[in-house]
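A structural walkthrough
Listed below are the residues making up each chain.
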Amino acid sequence: QVQLVESGGGLVQTGGSLRLSCAASTILFKISTMGWYRQAPGKQRELVASIRSGGVTTYTDSVKGRFSISRDNTKNTLTLQMNSLKPEDTAVYYCNTVTSSGPALSWGQGTQVTVSS
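Below: a short report on this structure. Everything quoted here is computed from the prediction, not taken from an experiment. (Residues numbered from 1 in each chain as written. Predicted model: local features only at pLDDT ≥ 70, side-chain atom pairs only at ≥ 80, totals over all residues. Heavy atoms only, no water.)

As a further point, take the sheet that holds strand β3 (residues 18-24). Judged by pairing direction, the sheet is antiparallel, and its four strands sit side by side in the order β1-β3-β8-β7 without closing on themselves. Unpaired on one side and paired on the other, β1 (4-7) and β7 (67-72) mark the two borders of the sheet. On average, each strand axis in the sheet is tilted by 15 degrees relative to the strand beside it, whichever way the strands run. Where β7 lies against strand β8 (residues 77-82), six bridges are found, and the strand directions are antiparallel. Paired with F67 across the bridge in β8 is M82. (Pairing = 2+ DSSP bridges. Helix = DSSP H or I, 4+ residues; strand = E, 2+ residues; numbered from the N terminus. Axes fitted to C-alpha atoms, helices over the stretch in contact; angles between N-to-C directions.)

On to the environment of G54, then. Take G54: it is sitting in the loop between β5 (46-51) and β6 (57-59). For G54, a relative accessible area of 75% puts it in the exposed group. Note: C-alpha distance between G54 and D89 (35 residues apart in sequence) is 27 Å. (Buried < 20%, exposed > 50% of the residue type's maximum accessible area, 1.4 Å probe, protein only.)

This part is about the nonpolar core. The nonpolar side chains of a soluble globular protein tend to be buried, and buried together. Ranked by size, the top nonpolar core spans 26 residues in total, and within it W36, L78, L80, M82 and Y93 carry the most contacts. Breaking this core down by element, the ones donating at least two residues are β3, β4 (34-39), β5, β7, β8, β9 (91-97) and β10 (111-116). It is β3 that provides the largest number of residues to this core, a total of four residues. Look past the residues within four positions of L78 in its chain and what remains in contact with it is L20, S21, C22, F29, M34, G35, W36, I51, I69, S70, R71 and C95. (Core = buried A, V, L, I, M, F, W, Y, C linked by side-chain atoms within 4.5 Å. Contact = heavy atoms within 4.5 Å.)

As a further point, take unusual backbone geometry. With a phi angle near 55 degrees, N76 is a residue other than glycine that sits in the positive phi range. For N76, the location among the structural elements is in the loop between β7 and β8. Backbone geometry places S84, a non-glycine residue, at a positive phi of 50 degrees. Among the structural elements, S84 can be located in the loop between β8 and β9. Exposure remark for S84: the relative accessible area of 40% places this residue in the partly exposed category.

Right, let's talk about the pattern of salt bridges for a bit. Applying the stated rule across the entire model yields four salt bridges. Linking E46 and R38 is a salt bridge whose minimum nitrogen-to-oxygen distance equals 2.8 Å. Across the pair D89 and R66 runs a salt bridge whose closest N-O atoms are separated by 2.7 Å. Taken together, the positions of D89 in the loop between β8 and β9 and R66 in the loop between β6 and β7 put the pair 23 residues apart, joining distant regions of the chain. (Salt bridge = Lys/Arg side-chain N within 4 Å of Asp/Glu carboxyl O.)

For the rest of this paragraph, the subject is the environment of S7. Note that S7 resides in strand β1. Considered as a pair, S7 and T79 are 72 residues apart in the sequence and their alpha carbons are 9.6 Å apart. Dropping the residues within four chain positions of it, S7 is found in contact with R19, L20, S21 and T111.

Below, the structure is given as structure tokens:
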């Protein structure tokens, strides 16, 4: 069974930084576009950053210039470096694949990020 295990969340003040990690137990990791999603209370889950197998990245406008996604295909790990955090970044963060029909894998438990003002 494929597993996605997110870690690295926590409580930080506005302007702080966090580094999230995702460990994926699937051989498909190397060929998949991977992404970080987040879900804030009362809101739908949204894709905030993605990275293709070759390293091309995309970001939603609200995190451009502050977040950086990267991957290590030798270790099947996905990372999200988050800088200049804002209260509106508060959410549970998840990793998953990014496909034309949506995320393809079962969701992990996510990691909580809370930014205090």
